[in-house]
Amino acid sequence: MKITVSIVLSLLTAAWMCGCERPPQFPPLPEISNSASGNGAMVALALPKRSLKIGETVQATIIVRNTTDQPMRIDATTSAPYHIRVYRATSVGWEVTKQYPEAALMVMSPWTLEPQTQRTFSAKLPVEPDWPTGTVRITAGINGLGDIHPGLTVIVAR
């Protein structure tokens, strides 16, 4: 059976006229960002630039989205809702050199992300003197959300 363009357009128009809603649209991610998804969640890490200097502080943005139609309970095991890790390249892979926040209260801090919504966290990320220079990988994750850790590769200079 052949469906013509006019029939498809008629069906779409009828659906629109009956009040059928489009699913919510999330805003676009920042230009310098990377995301990872799993189990109905999407996590993104965004930085203002890819070249960093020791001694400066940059604003990191961590975005978590619930892409399902059900509330998502996130059982954070500490008071920090997110973590950021800095890795240096080694001959066998990446090695963690720093983690932010550096300390968090060891107290369960569960929270809920409603369906089709997002939450954004901003973090001041200090490029400290003990950071590795050259190619560095920075990842972010949501505490209690599992193994969803988007990352960005940046260049760090003295």
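For the structure itself, consult the block above.
Procedures and definitions
Residues numbered from 1 in each chain as written. Predicted model: local features only at pLDDT ≥ 70, side-chain atom pairs only at ≥ 80, totals over all residues. Heavy atoms only, no water. Helix = DSSP H or I, 4+ residues; strand = E, 2+ residues; numbered from the N terminus. Buried < 20%, exposed > 50% of the residue type's maximum accessible area, 1.4 Å probe, protein only. Contact = heavy atoms within 4.5 Å. Areas by Shrake-Rupley, 256 points an atom, 1.4 Å probe, with all protein chains shown as cover. Phe/Tyr/Trp six-rings, centres within 6.5 Å; stacked < 30°, edge-to-face > 60°. Lys NZ or Arg CZ within 6 Å of the ring centre and 35° of its normal. Core = buried A, V, L, I, M, F, W, Y, C linked by side-chain atoms within 4.5 Å. Pairing = 2+ DSSP bridges. Axes fitted to C-alpha atoms, helices over the stretch in contact; angles between N-to-C directions. Polar contact = N/O pair within 3.5 Å; in protein donor to acceptor, adjacent residues only side chain to side chain.

### Observations regarding the overall build of the protein chain
Phase 1: Scanning the protein chain from terminus to terminus reveals 1 helix and 11 strands.
Phase 2: For the protein chain, the α and β elements follow one another from N to C terminus as α-β-β-β-β-β-β-β-β-β-β-β.
Phase 3: Expressed as a percentage of the 158 residues in the protein chain, the buried residues total 34%.
Phase 4: Taking the contacts inside the protein chain whose residues are at least 6 apart along the sequence as the reference set, 69% of them involve residues at least 24 apart.
Phase 5: Surface accessibility of the protein chain: about 9600 Å² in total, with carbon and sulfur atoms responsible for 56%.

### What to know about the packing of aromatic side chains
Phase 1: Across all of its chains, the model carries 3 aromatic pairs by this definition.
Phase 2: Plain terms: the ring middles of Tyr82 and Phe121 are 5.7 Å apart, the flat faces sit at 45° to each other, and that makes the pair tilted. Within this pair, whereas Tyr82 is found in strand 6 (residues 82-90), its partner Phe121 is found in strand 9 (residues 118-126), the two being separated by 39 residues in sequence.
Phase 3: One aromatic cluster in this structure is built from Tyr82, Trp111 and Phe121.
Phase 4: In this structure, Arg119 packs its charged tip against the face of Trp111, placed 4.8 Å from the ring centre.

### Observations concerning the nonpolar core
Phase 1: Core analysis: the largest hydrophobic core is formed by 34 residues, its most contacted members being Ile62, Ile84, Leu125, Trp131, Ile138, Ile142 and Leu145.
Phase 2: Contributions of two or more residues to this core are made by strand 2 (41-46), strand 4 (57-66), strand 5 (72-76), strand 6, strand 8 (109-113), strand 9, strand 10 (134-142) and strand 11 (151-157).
Phase 3: Contacts of Ile138, omitting those with residues within four sequence positions, involve Leu45, Leu47, Leu52, Ile84, Arg85, Val86, Leu125, Trp131, Pro150, Gly151, Leu152 and Val154.

### A closer look at the sheet that holds strand 11
Phase 1: The strand order across the open sheet built from 5 strands is 3-11-10-6-7, with neighbouring strands paired in mixed fashion. Because the sheet does not close on itself, it has two edges, and the strands there are strand 3 (51-53) and strand 7 (93-100). Pairwise comparison of adjacent strand axes, ignoring direction, gives a mean angle of 40° for this sheet.
Phase 2: Inspection of the sheet shows strand 6 paired to strand 7 by 7 bridges, in the antiparallel sense. Paired with Tyr87 across the bridge in strand 7 is Val96.

### Observations concerning the side chain of Thr78
Phase 1: Within the secondary structure, Thr78 is located in the loop between strand 5 and strand 6.
Phase 2: A polar contact of 2.8 Å, which involves the side chain of Thr78, links it to the side chain of Asn143.

### Concerning the sheet that holds strand 9
Phase 1: In spatial order, the strands read 1-2-4-9; together these 4 strands make up an open sheet with antiparallel pairing. The open sheet is flanked by strand 1 (33-38) and strand 9, the only strands paired with a single partner. Averaged over neighbouring strand pairs, the angle between their axes works out to 15° when direction is ignored.
Phase 2: Summarising the sheet, strand 2 and strand 4 pair through 6 bridges and their orientation is antiparallel. Bridging from a neighbouring strand, Ala44 pairs with Ile63 of strand 4.

### Some words on unusual backbone geometry
Phase 1: Residue Tyr100 is joined to Pro101 through a cis peptide bond whose omega torsion reads -10°.
Phase 2: Within the secondary structure layout, Pro101 lies in the loop between strand 7 and strand 8.
Phase 3: Residue Asn39 is not a glycine yet carries a positive backbone phi of 55°.
Phase 4: Here Asn39 falls in the exposed class, since its relative accessible area comes to 79%.
Phase 5: Phi angles above zero are rare outside glycine, and Gln116 is one such case at about 55°.

Fair warning: the whole summary comes from geometry, so function is off the table for now.
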